[in-house]
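What follows is each chain in one-letter form.
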Amino acid sequence: MRNTKGAHAATVAAAGRTAPSAQVHGAQAGTENGRPAMAPAGEAHGGSGAAQNGQAEPRRRRATAESMAASQRDISVSEFFAKNRHLLGFDNPRKALLTTVKEAVDNSLDACEEAGILPEIWVHIEQTGPQRYKVGVQDNGPGILKTQIPNIFGKLLYGSKFHRLRMSRGQQGIGISAAGMYGLLTTGKPVKIISKVSPRKPAHYYEIQIDTKKNRPEILNGNGDGVDIPPGEAGRKVIEKHGIEWIELDHGTRVTIELEARYQRGRASVDDYLEQTAIANPHVTLHYIDPEGNEQHYPRSTERLPAEPKEIKPHPYGVELGMLLTMLKDSRAPTLMQFLTQSFSRVSPAVARKLCDTAGLSARAHPHKIGRHEADKLYHAIQQTRISAPATDCISPIGEELLLAGLHQVVPGDFYAAVTRPPAVYRGNPFVIEAALAYGGTANVHKVTMEQLAEMLAESDARTMRKFLMHTFTGVNSDAAERILERAQLGVRAMPARLNADEVARLHAALQNVNLDEGQTMTVLRYANRVPLLFQPGACAITQTVASMNWRAYGLSQSRGSLPTGPVTVLVHMASVWVPYTSESKEAVAAYPEIQRELRLALQAVGRKLALYLGRRLRVKQEGERRGKFLRYLGEVATAVSSINQVDRDELYQRLVEVAKRKTADADVRLDERGNRVEAPAEFGEHVLIVRQQEPNTPDG
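Calculation notes
- Residues numbered from 1 in each chain as written.
- Predicted model: local features only at pLDDT ≥ 70, side-chain atom pairs only at ≥ 80, totals over all residues.
- Heavy atoms only, no water.
- Helix = DSSP H or I, 4+ residues; strand = E, 2+ residues; numbered from the N terminus.
- Buried < 20%, exposed > 50% of the residue type's maximum accessible area, 1.4 Å probe, protein only.
- Contact = heavy atoms within 4.5 Å.
- Areas by Shrake-Rupley, 256 points an atom, 1.4 Å probe, with all protein chains shown as cover.
- Axes fitted to C-alpha atoms, helices over the stretch in contact; angles between N-to-C directions.
- Parallel < 35°, antiparallel > 145°, perpendicular 65-115°, else oblique.
- Left-handed = near helix turned anticlockwise from the far one by under 90°.
- Pairing = 2+ DSSP bridges.
- 1 Å grid on protein atoms, 1.4 Å probe; cavity = no way out; pocket = protein on both sides within 12 Å on 5 of 7 lines; lining within 4 Å.
- Points joined across faces, edges and corners; volume = space filled by probe spheres on them.
- Nonpolar A, V, L, I, M, F, W, Y, C, P; charged D, E, K, R; others polar.
- Domains from an automatic or database assignment.
- Phe/Tyr/Trp six-rings, centres within 6.5 Å; stacked < 30°, edge-to-face > 60°.
- pLDDT = per-residue confidence, 0-100.
- Salt bridge = Lys/Arg side-chain N within 4 Å of Asp/Glu carboxyl O.
- Expected span 1.5 Å × (residues − 1).
- Arc of directions from axis to C-beta.

1. A look at the overall build of the chain
Part 1 of the reasoning: For the chain, the helix and strand inventory stands at 23 helices and 18 strands.
Part 2 of the reasoning: Going through the 701 residues of the chain one by one, you find that 48% of them count as buried.
Part 3 of the reasoning: Long-range pairs, those at least 24 residues apart, make up 70% of the contacts in the chain between residues at least 6 apart in sequence.
Part 4 of the reasoning: As displayed, the chain has an accessible area near 35000 Å², and 49% of this comes from carbon and sulfur atoms.

2. Topic: the packing of helix α13 (residues 336-343) against helix α14 (residues 349-359)
Part 1 of the reasoning: Close contact between α13 and α14 brings their axes to 9 Å; oriented N to C, the two are set at 130°. Comparing their axes, α14 and α13 come out oblique. Crossing geometry of α13 relative to α14 is assigned as right-handed. On α14, the residues that touch Leu-336, Met-337, Leu-340 and Thr-341 of α13 are Pro-349, Ala-352, Arg-353, Leu-355 and Cys-356.

3. Describing unusual backbone geometry
Trans peptide bonds make up the majority, and among non-glycine residues the majority have a negative phi.
Part 1 of the reasoning: Positive phi, normally seen in glycine, also occurs at Arg-427, with a value near 50°.
Part 2 of the reasoning: By the secondary structure assignment, Arg-427 is in the loop between β13 (424-426) and β14 (429-439).
Part 3 of the reasoning: Its identity as a non-glycine residue notwithstanding, Gln-536 has a phi of 55°, on the positive side.
Part 4 of the reasoning: With respect to the secondary-structure elements, Gln-536 resides in the loop between β16 (531-533) and α21 (541-548).
Part 5 of the reasoning: Here Gln-536 falls in the partly exposed class, since its relative accessible area comes to 33%.

4. Describing the pairing of strand β9 (residues 252-260)
Part 1 of the reasoning: Of all nine residues in β9, eight are buried, a share of seventy percent or more.
Part 2 of the reasoning: Both strand β4 (residues 132-139) and β9 contribute to a ladder of eight bridges, which runs antiparallel. What sits directly across from Val-135, in β9, is Ile-257.
Part 3 of the reasoning: Across five bridges, the pairing between strand β5 (residues 191-196) and β9 is antiparallel. Bridge pairing in β9 links Ile-194 to Arg-254.

5. Considering the side chain of Thr-253
Part 1 of the reasoning: Along the polypeptide, Thr-253 turns up in strand β9.
Part 2 of the reasoning: In this view, Thr-253 contacts Val-137, Gln-138, Asp-139, Gly-143, Ile-144, Phe-153, Ile-193, Ile-194, Ser-195 and Trp-246; residues no more than four positions away in its chain are not counted.

6. Some points on the pairing of strand β7 (residues 216-219)
Part 1 of the reasoning: As defined by bridge partners, strand β6 (residues 203-211) adjoins β7 across four bridges and the pair is classed as antiparallel. Bridge assignment links Ile-210 to a residue of β7, and that residue is Pro-217.
Part 2 of the reasoning: Taken together, β6 and the strand that follows it, β7, pair antiparallel across an intervening segment of four residues, in which Asn-215 is found at a positive phi of about 55°.

7. Some remarks on empty space enclosed by the protein
Part 1 of the reasoning: Enumeration according to the criterion identifies four cavities of 30 Å³ or more in this entry.
Part 2 of the reasoning: When its volume is computed, the largest cavity comes out at roughly 110 Å³.
Part 3 of the reasoning: Taken together, 14 residues form the lining of the largest cavity, with Thr-99, Lys-102, Phe-535, Ser-585 and Glu-587 sitting closest to its centre.
Part 4 of the reasoning: Of all elements in the fold, only α7 (93-114) and β16 reach the threshold of two or more residues within the lining of the largest cavity.
Part 5 of the reasoning: Tallying contributions element by element places α7 first for the lining of the largest cavity, with five residues.
Part 6 of the reasoning: Grouping the constituent residues of the lining of the largest cavity by class yields six nonpolar, three polar and five charged.
Part 7 of the reasoning: Each of domain 2 (79-298) and domain 4 (400-442 + 520-611) contributes no fewer than three residues to the lining of the largest cavity.

8. Concerning the packing of aromatic side chains
Part 1 of the reasoning: This model, assessed by the stated rule, comprises seven aromatic pairs.
Part 2 of the reasoning: Taken together, a centroid distance of 4.5 Å and an interplanar angle of 15° make the contact between Phe-415 and Tyr-613 stacked. Here the residue Phe-415 occupies a position in strand β12 (residues 415-420), and Tyr-613 occupies one in helix α22 (residues 593-645), the gap between them amounting to 198 residues. You'll find Phe-415 and Tyr-613 in the same group, each marked buried.
Part 3 of the reasoning: Taking the centre distance of 6.4 Å and the plane angle of 70° together, the rings of Tyr-439 and Tyr-613 count as edge-to-face. One end of the pair, Tyr-439, is in strand β14; the other, Tyr-613, is in helix α22, with 174 residues separating them in the sequence.

9. A look at the confidence of the model for the chain
Part 1 of the reasoning: Of all residues in the chain, 80% have pLDDT values of 70 or greater, and the mean over the chain is 80.
Part 2 of the reasoning: Here helix α2 (residues 21-25) stands out as the element of the chain with the lowest mean pLDDT, 41, in contrast to β4, whose mean of 95 is the highest.
Part 3 of the reasoning: Low pLDDT, under 50, characterises residues 671-682; the stretch is placed with 30 contacts to residues that sit more than four places away or in other chains.
Part 4 of the reasoning: Note on residues 693-701: pLDDT is under 50 here. Beyond four places in sequence and across chains, it has 23 contacts.

10. A few points about the packing of helix α17 (residues 450-459) against helix α18 (residues 465-472)
When two helices pack together, their arrangement is given by the angle between their axes and by how far apart the axes lie.
Part 1 of the reasoning: Put simply, α17 and α18 touch, their axes get as near as 11 Å, and they point 115° apart. If you check the angle between α17 and α18, you find them roughly perpendicular. For the element pair α17 and α18, the recorded crossing hand is right-handed. Where α17 approaches α18, its residues Leu-453, Met-456 and Leu-457 are matched on the opposing element by Met-465, Phe-468 and Thr-472.

11. A few points about the pattern of salt bridges
Pairing between side chains of opposite charge can happen when their charged atoms approach one another.
Part 1 of the reasoning: Tallied over the entire structure, the rule returns 20 salt bridges.
Part 2 of the reasoning: Of the charged contacts in the structure, one is a salt bridge between Asp-228 and Lys-146, with a shortest N-O distance of 3.3 Å. Taken together, the residues span a long stretch of sequence, with Asp-228 in strand β8 (residues 227-229) and Lys-146 in the loop between β4 and α8 (149-154) at a distance of 82 residues.
Part 3 of the reasoning: Judged by its relative accessible area of 29%, Lys-146 falls in the partly exposed class.
Part 4 of the reasoning: Across the pair Asp-502 and Arg-506 runs a salt bridge whose closest N-O atoms are separated by 2.7 Å.

12. Examining helix α16 (residues 400-410)
Part 1 of the reasoning: For α16, the full list of buried residues reads Glu-400, Leu-402, Leu-403, Leu-404, Gly-406, Leu-407 and Val-410.
Part 2 of the reasoning: Looking at the buried residues of α16, the elements they touch are α11 (270-280), β12, β14, β15 (523-528), β17 (568-576) and β18 (688-690).

13. Quick notes on helix α15 (residues 372-384)
Part 1 of the reasoning: Compared with an ideal rise of 1.5 Å per residue, which puts 13 residues at 18 Å, α15 spans 18 Å between its outermost C-alpha atoms and is within 8% of the ideal.
Part 2 of the reasoning: All of the buried residues along α15 are Ala-375, Leu-378, Ala-381 and Ile-382. Along α15, the residues classed as buried sweep out an arc of 115° about the axis, all on the same side. In α15, the exposed positions angled more than 90 degrees off the buried face are occupied by Arg-372 and Gln-384.
Part 3 of the reasoning: Contacts from the buried residues of α15 go to α12 (321-330), α13 and α14.

Here's what the structure looks like:
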């Protein structure tokens with residue numbers, strides 16, 4: 001065997017495939033005990049180019065357990081999101097601008113509602129340079145205490161809403177501080193905050209940046225303590241002297257963030273977000289100044305604040321085994337029975353005793369002495385026991401009347417319907433689904449002026465005109481875009497930024513004149529806790545449920561698996577103590593079966609009202625056409641019969657007209673402002689609004 005190995009090594013060396021001795025054994029010689037040394041298999045057969053050329057290659061140093069252990073360290077949450085900012089909605093400059101405004105406005109609305117103040121919000125966007133914008137958002141809320149300002153705006157995962165179960169827009173304590181971190185990363189500018197809690201107390205002004213390595217705030221002004229602005233005239237002078245942006249109010253907060261961004265009108269823009277916010281929050285007054293100095297005001301349509309949601313305890317059905325073990329360990333209750341009644345909602349002493357009996361545990365056992373095996377029994381006992389659904393006073397839905405008012409104020413249409421479903425539960429969390437629908441009206445492309453269209457074309461990053469129309473205007477699908485371009489005599493692959501003045505004028509004329517009702521795709525407005533969801537529609541349970549329904553049964557055209565076509569806008573709102581978003585950026589709702597079921601039932605409810613309206617309108621039209629045919633020939637019939645029977649022609653004609661009207665009585669249907677027949681029983685039910693009443697179709701005789 002020894003001689004065989006030596007012969008094989010000599011053969012390999014003769015073939016020129018033996019690695020140099022330095023490569024094989026470092027400083028060792030090329031022979032071992034008088035025999036040629038063999039290279040490892042990987043080097044002897046097809047080694048590196050340096051080895052084949054006879055050049056020595058340094059040995060690669062491998063990591064050891066000690067070296068790998070030395071490189072391990074904690075990762076700050078700020079450092080993680082700084083490298084993965086797309087998870088928070090800052091994946092591109094246009095979306096970053098919208099996310100910044102959204103987070104600031106959401107915080108302002110939550111603060112005002114918690115304090116019982118009708119919210120008034122000012123949003124100002126100013127361009128400070130190429131691809132740079134300064135966003136300022138101020139509210140009339142209760143203000144923020146001085147000690148809390150640095151942590152709220154300079155520390156990720158810091159807030160008051162994560163651990164409590166009640167409806168609120170913010171959940172994670174990560175939004176506005178992440179916006180400030182993005183501004184710091186892209187412009188190097190700190191976040192500027194001024195907050196005032198009373199007209200008799202000083203306001204507090206901070207310039208803050210976040211230390212991403214340690215996830216903590218760094219205060220840059222006032223020697224690290226911020227600046228106090230005295231009340232009254234002295235404070236106004238300080239504000240003017242230091243150029244602090246502030247609208248004089250008795251109390252409130254203003255945050256200013258400068259960031260790298262891109263402003264663009266159209267779908268999923270800041271303008272679109274604020275418009276949709278006004279729909280779902282009719283109690284808010286919004287003042288908006290865009291980067292071009294245009295002002296837009298959305299006055300409140302109600303003086304009534306939403307009902308204040310109450311905080312509840314977790315429901316047993318929403319607790320998993322690991323969480324149950326943690327709660328048992330942290331509990332201060334002396335007995336297991338008291339732990340169950342004090343830690344969970346809807347668990348009475350009788351229910352707690354039943355849970356203990358089902359699990360085979362003593363009701364007087366100490367929670368800290370419950371091991372994993374006993375906790376597993378208790379967990380399965382919870383799943384097997386019938387427990388009442390959690391209370392629903394922890395959520396505050398918009399309501400049918402305000403949904404109709406908000407939708408009618410912003411979305412043009414002829415017919416409106418709304419419905420609020422009874423509360424339901426997923427994973428122990430109560431939630432309510434609301435749906436509203438608007439049909440008819442004018443497509444939003446008709447509202448664009450020539451100047452706005454020219455600006456949109458210049459700012460668009462779409463490479464073709466078809467994509468520009470589909471991505472800019474809500475409800476315009478591929479067929480509608482091609483009809484517009486055909487009318488404007490433009491190619492579908494023409495570039496938006498290269499259109500001349502004559503081509504822009506033709507496009508504007510086509511937008512005003514082309515009928516989009518047949519090719520217009522249904523517009524879906526998605527909301528979660530009154531916040532518009534503008535991105536990732538395909539990943540959202542709301543869009544998926546709308547597309548999966550059979551809208552043909554309600555009088556709309558629809559291709560399989562897609563949204564229906566027609567001049568229809570559907571608004572869907574989910575209100576919950578904990579919305580199951582698919583990501584930290586809060587852009588889509590997860591598809592839990594319980595949520596999809598309630599979505600489907602709400603959409604079916606407004607769909608039935610739409611079908612009744614469309615059916616009635618079609619019946620009125622058909623009966624009107626039928627009556628017109630009758631009246632067209634009744635004159636000749638009356639003349640012929642009168643000559644045969646020798647009767648009065650005019651009297652016979654009037655009798656025939658009365659018969660025709662009686663046979664086509666639906667043509668005379670008149671609808672009141674709620675969509676019901678005048679002096680007839682209500683057929684649509686409640687929460688329906690018809691703007692354009694149906695006029696009787698009675699041709700002259």
